[in-house]
Each structure stands twice: as C-alpha cells, then as structure tokens.
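Coordinates in review
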Amino acid sequence: MFTTGFKFFFGLTIALTIGAVAYGYSTGGEHVGPVTLGWKGGVGDHVGYLVLIGGAFASACFAGIIVAFRDADPAAQSHYMGVEAIAPTTPVTGSFWPVIGAFGGAAMVLGLVLGSAVFVLGLVICSLVAIEWTMDAWADRATGDAEANKALRDRIMAPFEIPVAGALGVAVMALAASRIFLNATKLGAVVWAGLIAVIIFGLGILYAARPKMNKNVIAGLVLAVGVAVIAGGIVTAVDGQRDFEHHGDDHGEEHGEDHSEEGEASE
Amino acid sequence: MAIIEEPLALTSGEQHAERPLGVLTRPQANGSWKDWVSTVDHKKIGIMYGVAAMFFFLLGGLEALLIRTQLAFPESGFLSADVYNQIFTMHGVTMIFLFVMPSAAAFANYLIPLQIGARDVAFPRLNALSFWVWLSGAIFLNTSWIVGGGGADCGWFCYSPNSGITFSPTNGVDFYVIGLLITGIASLVSAVNLAVTCLNMRAPGMSLFRMPVLTWMLLVTQFLLAFALPVITVALLLLLFDRQFDSQFFDPEAGADPLLWQHLFWIFGHPEVYIIILPSFGIISEVIPAFSRKPIFGYSFMVFSGIAIGFMGWGVWAHHMFVSGIGPISVFAFSMATMFIAVPTGVKILNWLATMWGGKLNFSTAMLFAVGTVTMFTIGGLSGVTHSLAPADTQQTDTYYIVAHFHYVIFGGGVLGLFAGVYFWWPKVFGHLLDERRGKIHFWTMLIGFNLTFGPMHVLGLQGMSRRINTYSSGFGFEFWNLVATIGSYILGASVLFFLWNVYKSKKEAPNLPAPGPDPWDARSLEWSIPSPTPEHNFDEIPVVESQDDWWFRKYNIEDDGSVVRISSAEDAAQKGDAVGVHLPSPSFWPLVLAIGLPLIGYGVIFNLWLCVVGGLLTGGAIYAWVLEPVDDPDADGHGHDDHHDGDDPDGELATVGAAGDHTEGEG
Amino acid sequence: MTATTTQLAAPAIRRPRTVLVGTMFASGAALMTYFGVLAVYVSERADARDAGEEWFPEGVIELGPSGWIFWTLVLAAFTVQWAVQAIRNDDRPNAYIALALTGMFGAAVFNQLWFIINDTGFALAGTQGQFLFFVMTGTYIVFLIGAVVFLALTTMRALFGQFGPSQDDGVAAAAMFWHAVSVMYWVTWIAIFVTK
Amino acid sequence: MTMTESPPSEAAESSAAPLPAVGGLYDWLTTSDHKAIGRIWLRFGALSLLFFSVIGVLISFERLDADAIDVFGGVNSYFQMWSLYRFGIVLMVAIPLFVGLATVITPMQVGSTNIAFPRAALAAAWGYVLGSLITVISVLSGGGWGALDGVSGDEADAIRLTLLGTGMVMVSIILGTICVATTVVSLRTSGMGLTKVPLFAWSMLVAGSVWVLTLPVAIANIAILYIDLSGGAGLFVGAPNPSFDVYAQLAWILDQPAVYAAAVPVLGVAGSIIPVVAKGRQVSHEAMMILIGLAGLLAIGGWSQPFFGDERDTLVYIAFGVAALVPVLASLGGNGATLVAGEAPVGIPPAHMVGALGSMLLFLAATAAGALRVIDPLDLIGTTADTGVLNLVAVAAILGALGGWWFWAPKTDGRLFSGIQGLGAMTVLLLGGVLLGATDMIAGFVDTPDVLLASADDSLGDAMIVLSMVGSIVVLLGVLGALGAIALAYVKPGEADDDPWGGHTLEWATATPPPAGNFAEPPARVRSEAPLLDETPGDEGGES
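Attention here is on the structure that accompanies the text. This one's a predicted model, so the numbers in the text were calculated from it and none came from an experiment. (Residues numbered from 1 in each chain as written. Chains lettered and ligands numbered in written order. Predicted model: local features only at pLDDT ≥ 70, side-chain atom pairs only at ≥ 80, totals over all residues. Heavy atoms only, no water.)

Our focus in this paragraph is the overall build of chain C. Tallying secondary structure elements over chain C gives 5 helices and 0 strands in all. Moving toward the C terminus, one meets the helices and strands of chain C in the order α-α-α-α-α. When the 196 residues of chain C are sorted by exposure, 64% land in the buried category. Restricting to contacts in chain C with at least 6 residues of sequence separation, those with at least 24 account for 81%. (Helix = DSSP H or I, 4+ residues; strand = E, 2+ residues; numbered from the N terminus. Buried < 20%, exposed > 50% of the residue type's maximum accessible area, 1.4 Å probe, protein only. Contact = heavy atoms within 4.5 Å.)

What follows is the structure, given as structure tokens:
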C-alpha cells in the first residue's frame, strides 16, 4: 500500500528523473548517456543533470524511508511500539545551549574569515555545546521524573561545568582587567584596580544576599558574552592586525607555499 | 551522602527506568565471568591474587631454571651474557614483586576480614583497584620482553649507573621503572586499605590484642609497605626522568651523589625483606598452634617482636652497602643494628618451638611446611648474622654466599610458609582439602630440591664465586656444586609442578570425599566458624568476640581444674552460612578500567606521549565514573556492619529469623 | 546523590520515528550539498576535457588507497548496522563494540583520505582540477567528521544508558546519516578515482 | 551535593506538569516552546522586512538616474545593495516569515504538544538572526556577492563573510524547516493521516522538502566560492579581483525555478484561510494537496545554474517555467470554488482573506510572468523581467505570510491584529507588488537590462523604472502599515477569543494564547482534514 508521503516523494523522484533524462538529452546528451548516468555517451549539462539525479536519489530515499515508516502515522508508530498511543512529544527543558551553539556557529563563520583564533574559539564553543546538548537530551529522557533527571544531569555534568566555568570566568576577568591596566595611565591603573575590586566585592555581596539570581539577568549575561565574542572577533580583525604581527606573516606564508606548490605542479 | 532516603514514590503501574545512568549503573552479579572482573569481594580478589601470583611464580621459576641451566656447566653458551643479565634481573623482580608480595596480598585479602569478623575490607572497590593495577603493572613489566627490546638488565636493585641510558640502552629499564611504579601504586593502595580494615572493621569485642597473629603480622606489613613504597617511588621517578627526560639525578659527572640510588633503594629494600617474610611468620603462627593443639606461646611477645621487626627494619638498610665506602662509623652503626634485629626474630623462633613443645603434634602437610619454614629460616637468619659483621661481609658481598643467604630467607622463610598457608586454608577457600599424601611428597621434594639448590651456594660463595656472572671458567672448583645446585633446581621445579598436579587431582577427587566441614583442623580463629567454602557474605551475623582464640572457646571450655572439655562440635558451633538479604557492596568495572589506563600511560611515556592522553583519559574517565557510580541500594548507608535486608524483599524478616537461630542467640 | 537509581520511573515513550525522520531530511540535505559540489566538479572536468586540458597529471591519483576506503566503508556499513541490531537486542557490550569499531573505521577513512590528499601533492591554487579535488575531498571530510561526531555523541548517550529495545532511534539515526555519508564516498570514488 | 530535596510526592508530580515559563529575555534565549521560537523568526523577519523594503526603495531611487543620483556612493555599492536586496528579500524575509509562522502553527495544526527537536529549532532561529546580521553587516562594510568593478584587498574578506553569512542563514532555514517537516510527518495526533493534515502544514512539508533539496546546492556553491576566495585557484571569481562572478554563481537561487520555492507556502496559507472564511470545507482537499505538491516539484532548483552552462533555452527549463503556472492557477481556482461553495463573506472582507487571495494572485502573476520569461523568442532572460518575477514572488510570499500572521495572530501573539488596518496595509502591499512586478516586466519587454546600472534604451523603459520606484514605495508603505498595525496591537491589544474565525483545524482548539504543551488534553481522534467541523454543533473549541 503506497502511503501519501511515499506518493509525494516518489512522485518527486519520477518527475526529477524524467526531468534529468530530458534535460540531459536536450543539453547535448548522447547515446544512452542520460539514462545510464553517463555510462555510455555524454549526459549533457553536468550541473543540471547531476543535481536533478541527486534530487531524484534523495527523494527516492525519502520515499523509501517514509513508506517503511507508514508515513510515521501515529497509529503506525504506536503499533510499532506495541502500545495504544504515544504522546507526540515529551517535555523538554529550556536550555542555553542552542543559543550558545548559534553564537559558536557565528564565531566559526567569522573565524573562517577573520582568523584561526576566532575559528578555534567557535569550534571549542560548538564542541562544548555538542556535548552539553547531548547530555541535556540524555538527561531529559533518563527517567520519567523531571527532578531526578535534573539531579542526574547535574551529577554527571557539574563536575565538569563548575571547574570549567570557574576557570573561564577567572580567565575572562584576568584578561579584561589586564587589558584595562595596560591601557590606562599609571594612576589610572590604580583607580581601575580599586574600582574593579569594588565591583567584584559588590557583586559578591549581591550574590550572597540574593543567591537565586533572576533568570533574565543570567540570560542577559549569556547574550552579552555571546555578543562580546562576536564583537571581540570583529575588533581583533579591525585592530588586531597591527598588534599581532603573525597575522600578516601567515598570509605571506600561505602565498609562498601556494606558489611553490604551483611550481611543482606545473613541472 | 544518601540524599533520597526513601525510594521515590511511584504511581502504581509505572515501570522503573532500566538504566538511568547507563555504564555508571552498578553491575549485578549474575554468575558469569563478569563477576570476576567486576568483583569487589575480598575473597574473590584474594583468589585472583593467588592465581596470578602462582602464574608469576611459574614464570620466575622458569627464569630461575634458565639461569641454573646456564650455570650447570662452565663456559656454557646456553644464554648470552646480555640475555643472562635480563633473565636474572627479571627473575628477581618477578619473584619479589610479582610472586611473593601478591601471594602475601592474597592471604591478607582473604583472611584479614575473616579473622577480624568483617564482611569485607574497608574500601572494597579500592581493593579491586589494587589487584587490577598490580596485574596491569605486572603484565606491563613483562611486555618488555616483547616490545621493550628485552627485559631490564640491571639486577633487581638496578644500581646506577647500570640503570642509565649509557649502560642499558634498551627500554627494559624503562619497563622496570614504570612497571614497579604501577605495582607500587597497587601495593600502596592495598596497604592503606588493609591497615584501615584492621583498625576500623573489627567485630565487636575484637580488640587489637585479640587479633590473630597472622592479622597482626599483616598489619605490620601494611605499615611497612605504606612507608617503604613512597621511597622507591621517588627513586623510580628520578630514574624515569633521567632516562626519558634527560634529567641528571644519578649522573655523578653532573654533580649527583653516586650513592643516592643505593640509599633510596635500600631504605625501601630492607623493609621489603620484612614485607616478604612477616606474612609468612604470621601464617606459621596460625598453623603451628593448630597442629600442636596448644595456643600460641607468648602471644604478646609474638606480636611485639613483629612490631619490633617493623620498626628496626628501617635501621639496617646500609648493611647492604658495607663495601660502598660509606665510612667506618656508618658501617659500625649499621652492623650493630643488624645484629640487634636478630633478637626479635630469635624470639619468634623460640616461641614457635615453645608452642610445639609438649603439644600433641600432628604432622599434616601444612605443619610440615611450617616446621620447614622455621628450620630453613633459621639457617638463612644465621647466615644473615654472619654478614652483619662488616669484615666478613666485605668478603661475602656479591658472592653466591649472599645468594644462598637470601634464598634461605625468602624461599625457606617466605615461600615455604606461604605453602603452609596454602595447605592450611585451602579447604576454607575451595571447600575441599588438598590431598595430604601428595602434599607430603610435595613438601619433601621441595625441601630436598631447595636445599640442593641453595645449600651448595654457600660453598660456592665462600669459594669466591661472584653472583651475577653469566658463566665461570673450569678449574676454580665451581663445577661440582654448580651442577648439584642445577639438579636441585630442577627437583624444586618438579615439586612445584607436583603441587599443581595435587591441586588438579584434589579438585577432581573432592566430590567423592566427605566435605571438610567448617573446621577441618580444629583451629582457633574466626574464619573457621563459618562454612567452607566461605559464603559470599562471610558471616551470617557478625560474631561478638570475647577472648583471644574466640572460636576455640566456643568449642571448648577450660574447667576449673584446668582440664579441657569439648562443649560443642564445630558443626554445631559454626554459623550456617544461610543468611539472606545481607547487604554487600555492589560490583564495579571501574577499578579494572582505571587499571587498564595506567600501562597505556606507561607505554605513552616510553613510546609516544599521545598514548598518555588515551591512557589518561581512560584513567581519568574511570575515576570520574567511579566517583559517580551510584550505590543503587535503597538501604545503602554503609556496608558490612550489620544485616540490612533488601527493600524489595517482602520476606526480609527471614534474614533476622535465620540469623537468630544460630549460636549467638545461645551464647551471646 | 540519589541513593538509588533503580527505583525511578521509566521515561515516557517517545515517538520512535521522530529522530529518524529528522535525520532523513538532514541526510538528504547533506547529500544534496555533496551533489552540488560534485555537479560543479564533473561539469568543470567535462569542460576542461572538451578544451583538451589536462585535469589531473597522469598517475598522480592512485586507485589503491581510495579502494581501501571504499571497502572500509562497506565494512563500516555492516558494523553500524550491527550496533543498531545490538541495541535493539539490548546487547550493550556488542553495541558499544560496534559503535567504537565504526568510529574507528571513520578515523581510518579520514587517515587514508588525508594520505591521498598529501600523496597527490595538489595545491589549492593549482589547476582547476586540483582546486576542485580539494573542494570535493574537503567537503567529504567535513561530512565524515560530522558523521563520526554524530556517532560519538550517540555512543555517549548509549553509554549513559539511553537507547534499548524500546528506543533505538538515536542509534538508527546515526546509522542512517552514516550510510548517507558512505554513499557520498561511493559516488566520489566512481566520480573522482575511477573515472579520473 | 543535595540533588533532590523535595519530598518524593512533589517530585513525582512535577514530571507531568508543563515547564514553567520565566518570560522575558530568558525565554527568548532558552525556550523550548515552539511558539516562542516561532516568534523569534517572525519578529526578526518583520524587522528584516522593514529593512529590506527600505533598501528596495533606495535602490529603485538610485536606478532612476545613475549619473545624477548617488545614494550609495558608487556603482559598486549600488551593486552590493542591489544584490543584498535580492538575497535578503527571499532568504531573510520571505522564507523566515514562513518558517516562523510554521514553527508556531504547524505543531498545533497537527495536534502536537511541541515541535520536533525544539532545541534545534531554537538554535535555527538564532542562527538565522546571527547569520542575517553577519550578512548585512558584512555587506554594509564593503562585502557583498562580488563587486562589479572588481575591487580587491580588504573587500575580499568582507565578501567571504557575506557568503558565509548567507550560508549560515541557509543552514538555519534548513534546520528550522527540518523541525517543521518532521513535526508534520512524525508528530501528528491520533487519526490524522498525512492526507488529513491542514493545507498549511502540508505546504510546509512540501516547501520544506524543496528547500532541503535546493538550498544545500547553494551551500555547495558557497563552499566552492569561499575556498576559491581563500586562496584557491581563482577559477570562478578571478581572485584577487572578486567580480560579478560571485553573484552570478548564486543567482540561480533568485531565478526560476528555485525562486518559486519561497512562495509555495502561500498556497498552503490560502488553502487554510479560505475555507474558514467561506465557512465550509475546502472543495477538494486532496486535489489541493496534489497541486501544492506539484508547485513544490516545479520549484526545485539548483539544476539550472546558468553560470556553469547557460541552458535556459532548453525544453526542460521552458517546461518547468510554463508548468509552474498550472498548480498556482488551479489552486486559486480551487480556493475560488471553495469560496463560491461556502458562505461568501458579506461586507468588508477580513484582512487575512485579502492577504491570502492577494498573495495567490501575486504568485499567479509571478508564474505567469515567469512563463512568459522562459519563452525564448520574447528574449526576456537577462532583462528586468528577472527582477520582475523575483519581486512578484517575494511580495506574494510576504503578503501571504502577513495574511497568515493576521489570521493566526491569536495563536502567535495571543491577540488580534486590527482587521481594518490589516486590510488597508495588505491592499496597499498588493498594489505595490503588482506595480513593482508589472513595471519591471514591461521594462523587460523593451530589453532593459537587469543587474547593471544602466538606463533603458527607450522612454517606455525609463517610465517603467520610475513607476517601479513608485511601486517600491507603495510596498514600503504597505509594510509600514502592516508592521505598524502589529505594533499597535501590542499597544492596544485586541481581545481575542480562542477561536475568533470559527477555524477548522486543531490550532483553534487551543486557548488563546496557547499554553505550554498547547493542548490541555490530547485532541480527540481526528476524522477529517477539518476536525473542528466534525464536532457536534455547539461544542466548538476543543479545549476545556
């Protein structure tokens, strides 16, 4: 019995295959090329032909899979599991990781252009997110008890998260403070040092007084850090080129290599 | 740390999550081989120690036979000088670190909890860790034959500069260093664990001075280990840095003290001798009273002399170095100290003799081995005293006289005692006796082979034959006694094989013989008050101890007129081993995983540091998993102290009912 | 710390096809990306041939190593299904072994591909053929890494106790994506290595 | 290390309770509720719509007289903005608005408690936001899809960033779409076979499949371009002078047939709205499904990449182009029939109906224009007809999305948008779209070249360019009106019932605004494509 989903995707397959063959012949395909994936004779315009055939292949896979699942009808899924009915979804806890992942992806994109440091940062963020996300997904379904799930998750991940977060926090603080100190005048540095100490102290008091931080404050911090990462990347790109001499050298080396390789290849 | 004291309430009809923590879920015993690799039961670990030690005994013995074969005739070309060096080094290392020490650990693991009336050692998973780490280190050490370009070739004490890259360019010494570091970790962990067990896990009424002598001697051994191993660890680390990372701790040209290694090694090395010998003393202190039908003579002298040895053992290390130029005052001081240490040892020998004196002696195989231990150790001890005299030692050093001496001590005093223990506790461990007739043949062939092997070495040594030479020229008068020693060594080897035959045959015959019962020897300590083989939970109910040799007093009463009257048969007095729902520590795979990581780190240090990352991840991951492994028992707030019953068991009351029916109700 | 984890309620059953359908679409997208690169590759190669230009220097690309990758991926296709089957049978040790083996095969493929890339001595800024060769293999490597990461994360969840007879979708999804990535290579193998 | 401090009974209860919403920024960043995720798409899409409408006006202004007017400062900047408008209006406005609408509505339409992979959907939404920002900022700082005058140097970096930003938007769209499509396939409520899903959900499955099969090909192009620009052989872009080639390689996304993919959901929106307006069932639900599927099929692109071999004169290209008219026309017919068969609305038509029908008309106009465009003798390819088709499709999609938003506002935003304001705005938008499309089509007939900043050869062309600018301003006005109405609805919320229109499908069985988990209790077994019509009279609205 052909299901609706199958009909749709298989229809796509047929149409795209016919399209591919027709396109092949109409763009200069010869002999049986267009019907044999170019086994004998040309297929015409390769780009169009291959994309059409690729689309046909992908939708054929879709068709095969979806008919194997009986369109993933709720009845079919329940039958497969041997139960009367399965609720469509189970509750999923809110999580910062998707948004951090998006920022990590953005950092990778920026890094691909701006420089490897930003890219590596993005990669690290994305890797962390992949693991954390996986563990969140794991914990959400570890047991049927949301409290216990949270407890299990914390039990597994807290031994990593707290030290890493602490180290990162200290690193960011140290880095930021050092930038300020380096930038300020001699007296200014002293003033800044006092100011930073007071701020830290104040935040400490605040946290001690209100240990349950407003979640929106946390959200604001996450967003701020994410923006800072992006902004940092851009600043590095704009300003960093003078500070970091290697940046220019890297390009030089790359070009040098390219030339030598080219020379070899042309020999 | 249990936070949810009660299991979470479930809506009726809901299913339980199968494995919410996946691999972190504690495995359950299910009767397969996995029980052995995940076990935290001190008895199983003890057995594994024993089996593995036996394997390395055979390996070390094979190496010994190779040595003796090479030395049987002058100018033999059987082994090259290089291979010979590797063989005798690995023989020494194997026998000491991979046979005698783990054998002692086998007895300690199996018997300490039983003798003090505990359900397990203090830290069961650490106990498993000790074994697996030791085994991984042992295997690592021996893989140097395959991947290290041969074994270590610097002698078991591996003096510098022989141990340096210059004189030992293969990776053999690296394997020696890292292998001993790994086994050292195992011994250290085990030492802490067992010492805590002795101190903290004793049954009610089991005061320190009611502990059996074996437990006492093992406790002293654990302290010796705990203080001696860090020293060798330091030395080995320095050597590792010298070899792998170009440091210069042992390079005199760079200003190093040439004697640094010797001091560090022997500060560990001499206590190590007592680490080897004290368990054996403890064993025969249990065997001799049992077969003399008398309590041990001078229990407190026995204990205190053991403790004295434990202290004085630290003050004699430089007697290994009399000829190294440490100066006359040092030599004198250490010479005196060495003579004094003979005193507590002599006390022990006299006490054993006095125990036997007037006893109703029963020369079972175990007793024969015990008596053999006393006599052979006396020979070794006396020859030892001869080199406490520095002038004599100057002559004897590095001759076969020394080899003869320490084999009489270690084999005669140590190994024979271990065999006494093997015959004595075999029924307790495996539920059947080793055949006595074959046992006696084993004893006599071993005794003869032993004396034939090592007796002549006294002569050879005094004749001036150096140890550690791969061959000798004819015409110095070494030929005859060397040949005799070689013949003796083969007899010794045959006796060991005969022992294995006895094990096999006895096991096969066991079903047709009457069961030995809980107390086949009419012995005195608590392990005989429970069924043979020991049930998984040891004691149905933790006994309340009222005197030294408590078990004996449950069988016998001393009347006012001094006569001994049997008040109960052993079968009646013994526990039945039928308690149900006893809470036991859950098994765990992580000790094994952690142990697998360590040799990887070792290989990494030698070959490629990336491997260290893999090993480190494995080890670190195992530690992490270990820490997070749940207790998975609703009642778990500790273990081994009292009878909990399983929350799921609707008939949990049975445990108490069953336990209440036995002796404690009547006597306690 | 929960004193016990054995007494907690079982998680609710999820729709068993959700992850698989999602992965199906994602695999389709991945395949189409790959076909997109391949299309340009083949097209430019045909143009170069028509113009009588040399695409690759003679003999630089050897068939041997690429064939090994082919067969490695054939093996991996079996091991990854072995993992699915094992998790369905609640045979966890087998599942872990199979997942680890598949990951190892993935690493092996990466290694071989890296060797091939180095072996060719091609340069990104070389000829059109060399450039597109980099693009092709690079794109493939990205997807391969993606598949291995998917497997690794799945393994992680399996190790922490997820998936089993009642819920094998995660492992099956990883397998599905793995197959899609294998298909990419098989197509590449024919398109680049066989019909150079 | 206390892990569970609450008593067991509480802990057990909490597992069943829906997750509490904190609200505010925290929810924006962490939510796992599809409605909040969809709102991220919708709101940022609305902002983008405003931005790109303004850009549209600016470029049409510049086009009036290239020599005299210099809005952007040079021909190169003009080209950058011109291409930004084209990519933006499709990839960052039209499609995201539909993805957002679908993220909110389709799970409810199929009776699911949430979208499939809510976290992935959230990541997709933010990826879209960030990707768009990266793209726009990089273009504004000198990037873009190549440069007409072949500038080199720093601009190469910015161009690469533009490409990657575009790629990030595409990946996010694919990810978001996969969540929606998977929801439609796998999370339907009991009894709802695939033939019984509401048309909007079905159109999202179709469009999603098309996007999943098409956008990756563009990503492949981007990958090649990126690597090429990063020190490749410079085969396609003539590095270090990135030129028009970058745009040319990607232009197929904005061209027939791929561009139609952005508007496929229009058919679904109309198909969902019209029966409700008509207060009767869709005349032939299955036929509509087939038509939507057909529209999707004919919108599959990627195979026609003129850069690699201009084969746009082939039979297949022409056939695709002409055939695209058919499903749209037929679908319009079907909806018309539904209107006729039902109780046609009396008096002022509701805004969403204008949006739905208007978008259908625009889409029809687009396909008609496209059909003309592919007819070889007319020689329209390469002229402003390209832009004409694009604009028609884009405005059709925007109008459709806004119509849908108006219709589903109680579910997306928990309030009603003003009907009158919406009606006005959409009418203006419709007019603007027609003007925009028609002028460029006519200019195309007199061979006014596309892309390049050049005056038409004749006065008709010039006139059309002026009218086109007027059209873009009208569109902007429409957009301003619509967004203003939405903003006003937040200032003065219109009271909204759970089911103000008498809807047919399950989203109207939830409360307004819908709670977390959507349905207080699982919907009753579905028996037709319009489950709420199946219920006994008087029992309207499924929720308690």
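Once you've had a look at it, read on.
On to empty space enclosed by the protein. Residues and elements named next belong to chain D. Under the defined criterion, the tally for this structure stands at 11 cavities of 30 Å³ or more. Together, 24 residues line the largest cavity, and Gly 56, Ile 59, Tyr 85, Asn 391 and Leu 436 are the ones closest to its centre. At the level of secondary structure, the elements contributing two or more residues to the lining of the largest cavity comprise helix H3 (34-64), helix H4 (75-109), helix H14 (385-412), helix H15 (419-445) and helix H16 (459-491). In terms of residue count, the dominant contributor to the lining of the largest cavity is H3 (8 residues). Its residues assigned to classes, the lining of the largest cavity shows 14 nonpolar, 7 polar and 3 charged. (1 Å grid on protein atoms, 1.4 Å probe; cavity = no way out; pocket = protein on both sides within 12 Å on 5 of 7 lines; lining within 4 Å. Points joined across faces, edges and corners; volume = space filled by probe spheres on them. Nonpolar A, V, L, I, M, F, W, Y, C, P; charged D, E, K, R; others polar.)

Residue and element names in this part refer to chain A. Examined against the element boundaries, Ile 200 turns out to sit in helix H7 (residues 186-209). The class of Ile 200 is partly exposed, set by a relative accessible area of 46%. Separated by 27 residues in sequence, Ile 200 and Met 173 have C-alpha atoms that sit 10.0 Å apart.

Let us now look at the interface of chain C and chain D. At the junction of the two partners, chain C supplies 27 residues and chain D supplies 33 residues. Surface buried jointly by chain C and chain D totals about 2,400 Å² across both partners, of which 77% is contributed by carbon and sulfur atoms. Linking chain C to chain D there are 0 salt bridges. Where chain C packs against chain D, one counts 3 residue pairs in polar contact (both at pLDDT 80 or more). At the level of secondary structure, the elements contributing two or more residues to the side of chain C that touches chain D comprise helix H1 (18-50) and helix H4 (128-159) of chain C. The greatest single-element share of the side of chain C that touches chain D, amounting to 15 residues, is contributed by H1(C). A per-class count over the side of chain C that touches chain D returns 14 nonpolar, 10 polar and 3 charged. (Buried area = accessible area lost by both parts, 1.4 Å probe. Salt bridge = Lys/Arg side-chain N within 4 Å of Asp/Glu carboxyl O. Polar contact = N/O pair within 3.5 Å; in protein donor to acceptor, adjacent residues only side chain to side chain.)

Right, let's get into the nonpolar core. Grouped together as the largest cluster of nonpolar side chains are 286 residues, with contacts concentrated most on Phe25(C), Tyr140(C) and Trp211(D). Each of two domains, domain 1 (4-81) and domain 2 (97-258) of chain A, supplies a minimum of three residues to this core. Residues Ile67(B), Ile178(B), Leu214(B) and Leu236(B) belong to the second largest nonpolar core, which totals 202 residues. (Core = buried A, V, L, I, M, F, W, Y, C linked by side-chain atoms within 4.5 Å. Domains from an automatic or database assignment.)

Where the parts come together, the accessible area they lose is often given as the size of the interface. Taken together, the 69 residues of chain D in the interface contact 63 residues of chain A. Where chain D touches chain A, the interface holds 2 salt bridges. With a shortest N-O distance of 2.6 Å, Arg119(D) and Asp140(A) are connected by a salt bridge. Counting across the interface, chain D meets chain A through 9 residue pairs in polar contact (both at pLDDT 80 or more). Elements with a contribution of two residues or more to the side of chain D that touches chain A: helix H1 (8-14), helix H2 (24-30), helix H5 (118-140), helix H6 (154-186), helix H7 (199-229), helix H10 (285-298) and helix H11 (315-323) of chain D. In terms of residue class, the side of chain D that touches chain A is built from 36 nonpolar, 28 polar and 5 charged.

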